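A structural walkthrough
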Amino acid sequence: MDYVLFGMQGSGKGTQGLILKKKFNLELFETGAVLRQLAEEKSPLGKKIKSIIQIGNLVPNEVVMETIENFMKHITQGKNVLFDGIPRKKDQAESFNTLMKRLQRNFKGIYIEISENEAMKRLSSRKMCKVCKTVYMGSFEQNQCEKCGNELIKRSDDTPESIKMRIENYKKETLPVIENYRHEEKLITINGEQSVDKVTEEILNKLENF
Ligand code: AMP
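To keep things clear, this report deals only with the structure shown in the data block. Please read all numbers here as calculations on a predicted model, not as lab measurements.

Thresholds applied
- Residues numbered from 1 in each chain as written.
- Predicted model: local features only at pLDDT ≥ 70, side-chain atom pairs only at ≥ 80, totals over all residues.
- Heavy atoms only, no water.
- Near = heavy atom within 4 Å.
- Polar contact = N/O pair within 3.5 Å; in protein donor to acceptor, adjacent residues only side chain to side chain.
- Areas by Shrake-Rupley, 256 points an atom, 1.4 Å probe, with all protein chains shown as cover.
- Helix = DSSP H or I, 4+ residues; strand = E, 2+ residues; numbered from the N terminus.
- Nonpolar A, V, L, I, M, F, W, Y, C, P; charged D, E, K, R; others polar.
- Phe/Tyr/Trp six-rings, centres within 6.5 Å; stacked < 30°, edge-to-face > 60°.
- Lys NZ or Arg CZ within 6 Å of the ring centre and 35° of its normal.

Notes on the site of the ligand
If you check the shell around the ligand, you find 14 residues, and the closest are Arg 36, Asn 57, Gly 85, Arg 88 and Gln 92. One of the side-chain N or O atoms of Gln 92 is found 2.9 Å from a nitrogen atom in the ligand. In isolation the ligand offers 480 Å² of accessible surface; the protein chains occlude 95% of this area. For the shell around the ligand, the element with the highest residue contribution is helix α2 (residues 31–39), accounting for four residues. Across the shell around the ligand, the residue classes break down as five nonpolar, five polar and four charged.

Rendered as structure tokens:
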């Protein structure tokens with residue numbers, strides 16, 4: 001069984017993704033991270049992606065589907081996958097469902113729910129380790145990673161304008177996708193406004209009975 005993580009920006013998908021990856025020995029497809037890497041390329045496509053990410057818009061579906069198709073070609077046989085950040089809109093959900101069907105893979109959704117206020121609060125104070133990518137929320141003063149000692153940086157797209165755009169896009173494009181999966185009973189809903197450990201505990205408990 002594969003898993004798909006859903007949740008508003010700042011809901012803790014990345015943090016829970018790393019925990020679940022380790023716990024279930026999953027392959028992780030983190031859409032935003034893959035696209036950020038592509039954006040570093042000096043090609044016209046890299047530059048285009050960079051400008052889209054910077055303003056908080058969604059990257060065109062063809063590009064996203066190409067990255068995921070490519071990823072699926074290289075996963076270790078027999079391993080399950082945890083998808084983070086896809087599908088994010090209706091046409092992408094259709095392409096994603098078609099791809100999963102073609103590859104004969106089943107998936108369950110994990111929706112980490114937080115309020116818009118909480119998301120704004122978390123994103124405007126978010127920092128990330130430059131090297132191990134551990135995320136810190138509400139750590140205005142802290143500049144060094146507790147895990148590896150490297151420097152904490154702000155993500156370049158965590159500007160007030162981009163945060164606003166990403167949340168608007170999420171409400172308009174992604175929430176209907178989540179509602180659809182909920183309707184099809186393919187999804188568990190988790191209260192994301194708890195400690196990291198409690199969120200993990202709720203995910204594990206709910207998955208066990210799902
Ligand atoms: P994230 O790391 O999930 O916050 O994603 C960072 C940025 O990558 C987003 O603001 C989008 O510009 C882009 N992105 C991530 N996932 C997708 C997706 N599924 N479809 C289109 N664009 C995406």
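Details of the packing of aromatic side chains
This model, assessed by the stated rule, comprises seven aromatic pairs. Considering the side-chain rings of Phe 6 and Tyr 181, the 5.7 Å spacing of their centres and the 40° angle between planes classify their relative orientation as tilted. Of this pair, Phe 6 sits in strand β1 (residues 2–7) while Tyr 181 sits in helix α7 (residues 160–183), placing them 175 residues apart in sequence. One aromatic cluster in this structure is built from Phe 6, Phe 29, Phe 71, Phe 83, Phe 96, Phe 107 and Tyr 181. The lysine or arginine in question, Lys 186, covers the ring of Phe 107, its NZ or CZ lying 4.4 Å from the ring centre.

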